[in-house]
Amino acid sequence: MSDIRKNLKNKKRIVVKIGTTTITHSDTGRLDLIKLEKLVRVLTDIRNQGKEIVLVSSGAIAVGRQAIGLVKRPELRAVKQACAAIGQARLMMVYQKLFAEYNQVTAQILMTKYTIENRESRHNACSTFRELLRMGVIPIVNENDTVATDELDFGDNDTLSALVATLIKADLLVLLSDIDGLYSDDPHSNPDAEFISYVDKLDDRLLGMAKGTLSMSGTGGMESKLSAARISSEAGADMVIANGKDVYVLDEIISGANVGTYFNLCDRK
């Protein structure tokens, strides 16, 4: 364990974001129930260690479109919102059933930009999170796609998770994606791309490495993740990007193992 990651063991309030591609099968787009069960087990065990956990989970639209037999991701907003309305209820039902197996209580929180931008709404949301965490509940957060407009969209759940980390004064944000972390180039197309395990400064060189989304289901690429790093660091939270293929990576991260890309920007300002 590197000395620089030792402080990750002391993080107490942790936001975990998991993307659509991480919790669904790549061939069918349907929920990967085995992976979800493992994720729930890991999060509950972290909670049992006395840490506070908030899960930001994508997947509502993907689950909804599968439920009604849509092969491709919808483009029209009305269809997306309809799929989200169907899928969010189904996704939450799966989470509740799995968490109940480990006697862990969960709560659903759906947000729009208005929740963050409006002072009263932001205060109320903060109070709700605070009480839920005090009660030992794991809040499960997603964007309220069914009512969001272009002006109220977060755009992606990387940004949403960073804003949640800011709202609740988290000290660690973990983004679980379908990539190991930050690379000097797209590793899917460039086998010589260099992996970057530690970042203490977001300069123009790093920002220039950001790519758009690489997946069919997800909405956030590396650019949104670097933006999330900046947002969370301004609130005092470190961030780690790691591959969610094996969700047990969460245990490794909070134990200080050298996995993923660690953004330690707070101490470098």
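Scroll up for the structure.
Notes on the structure in this doc start here. (Residues numbered from 1 in each chain as written. Predicted model: local features only at pLDDT ≥ 70, side-chain atom pairs only at ≥ 80, totals over all residues. Heavy atoms only, no water.)

### Description of the overall build of the chain
Definition in use: In DSSP terms, a helix is any run of H or I states spanning at least four residues, a strand is any run of E spanning at least two, and both are numbered starting from the N terminus. The quantity called the radius of gyration is restricted to C-alpha atoms. Its globule counterpart is 2.2 Å times the number of residues to the power 0.38. A 1.4 Å probe rolled over the protein chains alone gives each residue an accessible area, and that area as a share of the maximum for its type sets the label: buried under 20%, exposed over 50%, partly exposed in between. Residue contacts follow a heavy-atom distance rule, with two residues in contact if any of their heavy atoms lie within 4.5 Å. Residues scored as positive are Lys and Arg, those scored as negative are Asp and Glu, and His as well as the terminal groups of each chain are ignored. To locate a charge, take atom NZ for lysine, CZ for arginine, CG for aspartate or CD for glutamate.
Helix and strand content of the chain: 10 helices and 10 strands. For 269 residues, the compact-globule estimate of 2.2 N^0.38 gives 18 Å, and the C-alpha radius of gyration of the chain, at 17 Å, lies within 12% of that figure. Along the longest, intermediate and shortest principal axes, the C-alpha atoms of the chain span 50 × 45 × 40 Å. The 269 residues of the chain split such that 52% are buried. Counting contacts in the chain only where the partners sit at least 6 residues apart, residues at least 24 apart contribute 74% of the total. Within the chain, the 35 negative side-chain charges are centred at a point lying 4 Å from the centre of the 34 positive side-chain charges.

### Observations concerning the packing of aromatic side chains
Selection rule: Ring pairs are drawn from Phe, Tyr and Trp, using the six-membered ring of Trp, whenever the two centres fall within 6.5 Å, and their geometry is named by plane angle: stacked under 30 degrees, edge-to-face over 60, tilted for the rest.
Per the stated rule, a full pass over the model turns up three aromatic pairs. Seen in terms of ring centroids, Tyr95 and Phe99 are 6.3 Å apart; in terms of plane orientation they differ by 35°. Their pairing is tilted. Of this pair, Tyr95 and Phe99 are both found in helix H4 (residues 77-100), four residues apart, which corresponds to roughly one turn of the helix. Given a relative accessible area of 1%, Tyr95 falls into the buried group. The exposure class assigned to Phe99 is buried, which follows from its relative accessible area of 0%.

### Quick look at the pattern of salt bridges
Opposite charge on two side chains permits them to pair, given that their charged atoms come into close proximity. Applied cut-off: By definition here, a salt bridge exists when the distance from a side-chain nitrogen of Lys or Arg to a carboxyl oxygen of Asp or Glu is within 4 Å.
Counted according to the given criterion, the structure contains six salt bridges. Of the charged contacts, one joins Arg134 and Glu131 as a salt bridge, the two residues approaching to 2.8 Å between their closest N and O atoms. Placement of the pair is Arg134 and Glu131 together in helix H6 (residues 119-134), with a separation of three residues, close to one helical turn. In this structure Arg134 comes out as exposed when scored by relative accessible area, which is 58%. Among the charged side chains, a salt-bridge network with shared partners connects Lys17, Asp158 and Lys225.

### Some details on the environment of Asp204
Position of Asp204 among the secondary structure elements: in helix H8 (residues 204-209). Along the backbone, Asp204 and Arg30 are 174 residues apart, and their C-alpha atoms lie at a distance of 38 Å.

### Side note on unusual backbone geometry
We note that Asn103 has phi near 60°; this positive angle belongs to a residue other than glycine. Mapped onto the elements of the fold, Asn103 is located in the loop between H4 and strand S3 (106-111). A positive phi is found at Lys169, a non-glycine position, where the angle reads about 60°. Note that Lys169 resides in the loop between helix H7 (157-167) and strand S5 (172-177).

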